[in-house]
Amino acid sequence: KQWYQRRVRGQNEPHETNKRSECVRVMEKCAEEHPWFGIEQEYTLYEGDGSRPLGWPKNGFPAPQGQYYCAVGTQNVFGRKVVEAHYRACMYAGIKIAGSNAEVMPSQWEYQVGPCEGIDMGDHLWVSRWILMRVAEEFGISVSLDPKPVPGEWNGAGCHTNISTLKMREEGGMEHIMAAIEKMSGKQREHIAEYDPNQGRDNSRRLTGRHETASIETFSHGVANRGASIRIPRQCAHDGKGYFEDRRPASNCDPYSVTSRIMKTICALD
C-alpha cells in the first residue's frame, strides 16, 4: 500500500501534485461524519493506435446515440472483453468494484467503485484505473479518460460522485442532504476548479447543459434529474434519507481532489 501513499520533495514534504496528502487531512477532520463515496468512472476505448474510438468506422461515424446504452449485440457493443477482464482483475486485487455498463456513446463504458469511506475512495479508484489500462494493453486497445473525446452530438464522460454522511443515511437524513446541497450551491467555482486537472477547462467542453449535463456556469439540483449539477435519486427522495450524486466531476478528475473538496464544503472547512 505504501507505494501510492506519498510523493514527496525536500524534507519529506508532500509534492504539489500529491492530492492524497490534503485529502487525508480533510478526511481526518471530517471523520465523525463517516463519509461514504461511490464513484461512477466513465471512459472510452480506442483503437490501439488512438486514431478513433474502438469499432468506429475509419471514415465517418456510427449510427446516432440511442442504441448503445446498456446494450448487447455486436452492432452495439465494442470492447466487452476488456470490460469483463478488468472487472475480474479488480475483484482479484480487492478493489471495491460494484458494477459496470455500456454507456450512451458507442465504445464508452462505465464501472462503479464503492461504497468506500473517506480516503479509501481515492485509493481504490486510482488503482482501478491503473488496472484498466494494464488490462487494455493485453488486447491492444487504449483507454481515454478525456471528458469529451468526440465533439458534437455525443455524450461526454464523467466521474459522477455519490456522497452520504452518517446523518444522511439515518432517519430524517434528507434534511442533511439538502443542507449539504445548499452549502455546495455557494461553492460552484471552487468545486469546478477541482473537478478536472485543468481547473475546469476540460470540463467546459462537457458541461454544456446538453447530453445529460448541467451548464458549467450554473448550479442546480433536482430529484431524478440527470440534467442537474446534483441529482437526488428518486428512491432517496421517497425514503427521506440516503445519498446524493454530484454529476459535475470529469472522467479525468483526481478523486482525492473531488472527495476532499466535497467534504471541505460539507464540513465548512473553508
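As shown above, the structure is provided for reference.
(A) Region of the structure containing the side chain of Ser 107. By the secondary structure assignment, Ser 107 is in the loop between strand 4 (97-102) and strand 5 (108-117). We classify Ser 107 as buried; its relative accessible area is 3%. A polar contact of 2.2 Å, which involves the side chain of Ser 107, links it to the backbone oxygen of Leu 54. In this structure, Ser 107 is in contact with Tyr 43, Thr 44, Leu 45, Pro 53, Leu 54, Gly 55, Trp 56 and Phe 78, ignoring residues within four places of it in sequence.

(B) Broad picture of helix 8 (residues 255-266). With 12 residues, helix 8 extends 16 Å between its outermost C-alpha atoms, agreeing within 8% with the 16 Å of an ideal straight helix rising 1.5 Å per residue. The element helix 8 is extensively covered by neighbouring structure, given that 12 of its 12 residues are classed as buried. All buried positions along helix 8 are accounted for by Pro 255, Tyr 256, Ser 257, Val 258, Thr 259, Ser 260, Arg 261, Ile 262, Met 263, Lys 264, Thr 265 and Ile 266. Looking at where helix 8 begins, the residue whose side-chain oxygen comes 2.9 Å from the main-chain nitrogen of Tyr 256 is Asp 254. Within two residues after helix 8, Ala 268 carries a phi angle of roughly 55 degrees, on the positive side.

(C) Geometry of the pairing of strand 5. Burial runs high along strand 5: eight of the 10 residues are buried. As judged from the eight bridges shared by strand 3 (residues 36-47) and strand 5, these two strands associate in the antiparallel manner. Within the sheet, the bridge partner assigned to Glu 40 lies in strand 5 and is Gln 112. The hairpin turn running from strand 4 into strand 5, its antiparallel successor, is five residues long, and Ser 107 in that turn takes a positive phi close to 80 degrees.

(D) The arrangement of the nonpolar core in detail. Judged by nonpolar contacts, the single largest core of 53 residues is most densely connected at Tyr 43, Leu 45, Phe 244, Ile 262, Met 263 and Ile 266. Discounting residues that sit within four places of it in the chain, Leu 45 has contacts with Pro 53, Leu 54, Phe 78, Gly 79, Val 82, Ser 107, Trp 109, Ile 141, Ser 142 and Val 143. In terms of nonpolar packing, the next biggest core, distinct from the first, is built from five residues, Tyr 46, Trp 56, Val 150 and Trp 154 among them.

(E) Local environment of the packing of aromatic side chains. Inspection of the entire model under this criterion finds four aromatic pairs. Above the ring of Trp 36, the side-chain terminus of Arg 169 is found at 3.7 Å from the ring centroid.

(F) Summary view of the pairing of strand 4. In this sheet, strand 5 lies alongside strand 4 in antiparallel orientation, the contact comprising five bridges. Residue Gly 99 lies in a different strand from strand 5, and its bridge partner there is Gln 112.

(G) Structural detail: the pattern of salt bridges. Evaluated as defined, the whole model comprises 16 salt bridges. A salt bridge links Asp 123 to Arg 20; the nearest nitrogen and oxygen atoms lie 2.8 Å apart. Remark: Arg 20 occurs in helix 1 (residues 19-29) and Asp 123 occurs in helix 3 (residues 120-138); sequence separation between them is 103 residues. Here Arg 248 makes a salt bridge to Asp 246, at a shortest N to O gap of 2.9 Å.

Cut-offs and rules
- Residues numbered from 1 in each chain as written.
- Predicted model: local features only at pLDDT ≥ 70, side-chain atom pairs only at ≥ 80, totals over all residues.
- Heavy atoms only, no water.
- Helix = DSSP H or I, 4+ residues; strand = E, 2+ residues; numbered from the N terminus.
- Buried < 20%, exposed > 50% of the residue type's maximum accessible area, 1.4 Å probe, protein only.
- Polar contact = N/O pair within 3.5 Å; in protein donor to acceptor, adjacent residues only side chain to side chain.
- Contact = heavy atoms within 4.5 Å.
- Expected span 1.5 Å × (residues − 1).
- Pairing = 2+ DSSP bridges.
- Core = buried A, V, L, I, M, F, W, Y, C linked by side-chain atoms within 4.5 Å.
- Phe/Tyr/Trp six-rings, centres within 6.5 Å; stacked < 30°, edge-to-face > 60°.
- Lys NZ or Arg CZ within 6 Å of the ring centre and 35° of its normal.
- Salt bridge = Lys/Arg side-chain N within 4 Å of Asp/Glu carboxyl O.

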